[in-house]
Amino acid sequence: MAKWAAVVIVGEVSLVTLVLVLGSVVKIGDQLALVLALAMSILIGGRFGGVRGALEWVMAAVLIVGVGLVLLYLFILAVVSQITGP
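All values derive from a computational prediction rather than experimental measurement.

Draft legend 1. Representation of a nonpolar patch on the surface in the model. Where nonpolar side chains cluster on the molecular surface, the patch consists of Leu-69, Leu-72, Phe-75, Ile-76, Val-79, Val-80 and Ile-83 and spans about 690 Å² of accessible area. With respect to the helices, strands and loops of the structure, Ile-83 is situated in helix 3 (residues 54–84). Judged by relative accessible area, which is 68%, Ile-83 ranks as exposed.

Listed below in structure tokens is the structure:
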């Protein structure tokens, strides 16, 4: 359980960092930056968590993408609620 927590935490932190760096500093296009950041975050999170085998890599990718989508949804909800008010 701790391995998967480490994979998700490190993967999400690297995903946010890489999206910001690739999108703003390096000026790579939005979709390309997202794809590159997602691939790198899966590699970084998986290596840090000690993922071994093809099935574990797929599980790490699904976890990182799934948690990333949930966090994106929550961020969008927070922004919309600030714009429209209670």
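Continuing now.
Draft legend 2. Geometry of the nonpolar core. Counting residues in hydrophobic clusters, the biggest one holds seven residues: Trp-4, Val-7, Ile-42, Val-51, Ala-60, Ala-61 and Ile-64. Looking at this core element by element, the count peaks at three residues for helix 3.

Draft legend 3. View of the environment of Asp-30. Its place among the elements puts Asp-30 in helix 2 (residues 30–49). Sequence-wise, Asp-30 and Val-19 are 11 residues apart; in three dimensions their C-alpha atoms are separated by 8.7 Å.

Draft legend 4. Local environment of helix 2. Helix length check: helix 2, at 20 residues, gives a terminal C-alpha distance of 28 Å against a target of 28 Å (1.5 Å per residue), a fit within 8%. Along helix 2, the residues that are buried comprise Ala-33, Ala-37, Ser-41, Ile-42, Gly-45, Gly-46 and Gly-49. In this fold, the buried residues of helix 2 make contact with helix 1 (2–25) and helix 3. Among the residues trailing helix 2, Gly-50 stands out with phi positive, at a value near 80 degrees.

Draft legend 5. Up close: the packing of helix 2 against helix 3. Contact pair helix 2 / helix 3: the axes reach a minimum separation of 10 Å and the direction vectors enclose 120 degrees. With respect to helix 3, the axis of helix 2 lies oblique. Crossing of helix 2 against helix 3: the hand is right-handed. Together, Leu-38, Ser-41, Ile-42, Leu-43, Gly-46 and Arg-47 of helix 2 and Trp-57, Ala-61, Ile-64 and Val-65 of helix 3 make up the contact between the two elements. Residue composition of the contact of helix 2 with helix 3, grouped by class: seven nonpolar, two polar and one charged.

Draft legend 6. A look at helix 3. Taking 1.5 Å per residue, 31 residues should reach 45 Å; helix 3 reaches 45 Å between its end C-alpha atoms and fits that length. Within the sequence span of helix 3, burial applies to Ala-60, Ala-61, Ile-64 and Gly-68. Directly after helix 3, the chain includes Gly-85, whose backbone phi takes a positive value near 85 degrees.

What counts, and where the lines are drawn
- Residues numbered from 1 in each chain as written.
- Predicted model: local features only at pLDDT ≥ 70, side-chain atom pairs only at ≥ 80, totals over all residues.
- Heavy atoms only, no water.
- Patch = residues over 30% accessible without salt bridge, like charges linked within 9 Å, V, L, I, M, F, W, Y side chains within 5 Å.
- Areas by Shrake-Rupley, 256 points an atom, 1.4 Å probe, with all protein chains shown as cover.
- Salt bridge = Lys/Arg side-chain N within 4 Å of Asp/Glu carboxyl O.
- Helix = DSSP H or I, 4+ residues; strand = E, 2+ residues; numbered from the N terminus.
- Buried < 20%, exposed > 50% of the residue type's maximum accessible area, 1.4 Å probe, protein only.
- Core = buried A, V, L, I, M, F, W, Y, C linked by side-chain atoms within 4.5 Å.
- Expected span 1.5 Å × (residues − 1).
- Contact = heavy atoms within 4.5 Å.
- Axes fitted to C-alpha atoms, helices over the stretch in contact; angles between N-to-C directions.
- Parallel < 35°, antiparallel > 145°, perpendicular 65-115°, else oblique.
- Left-handed = near helix turned anticlockwise from the far one by under 90°.
- Nonpolar A, V, L, I, M, F, W, Y, C, P; charged D, E, K, R; others polar.

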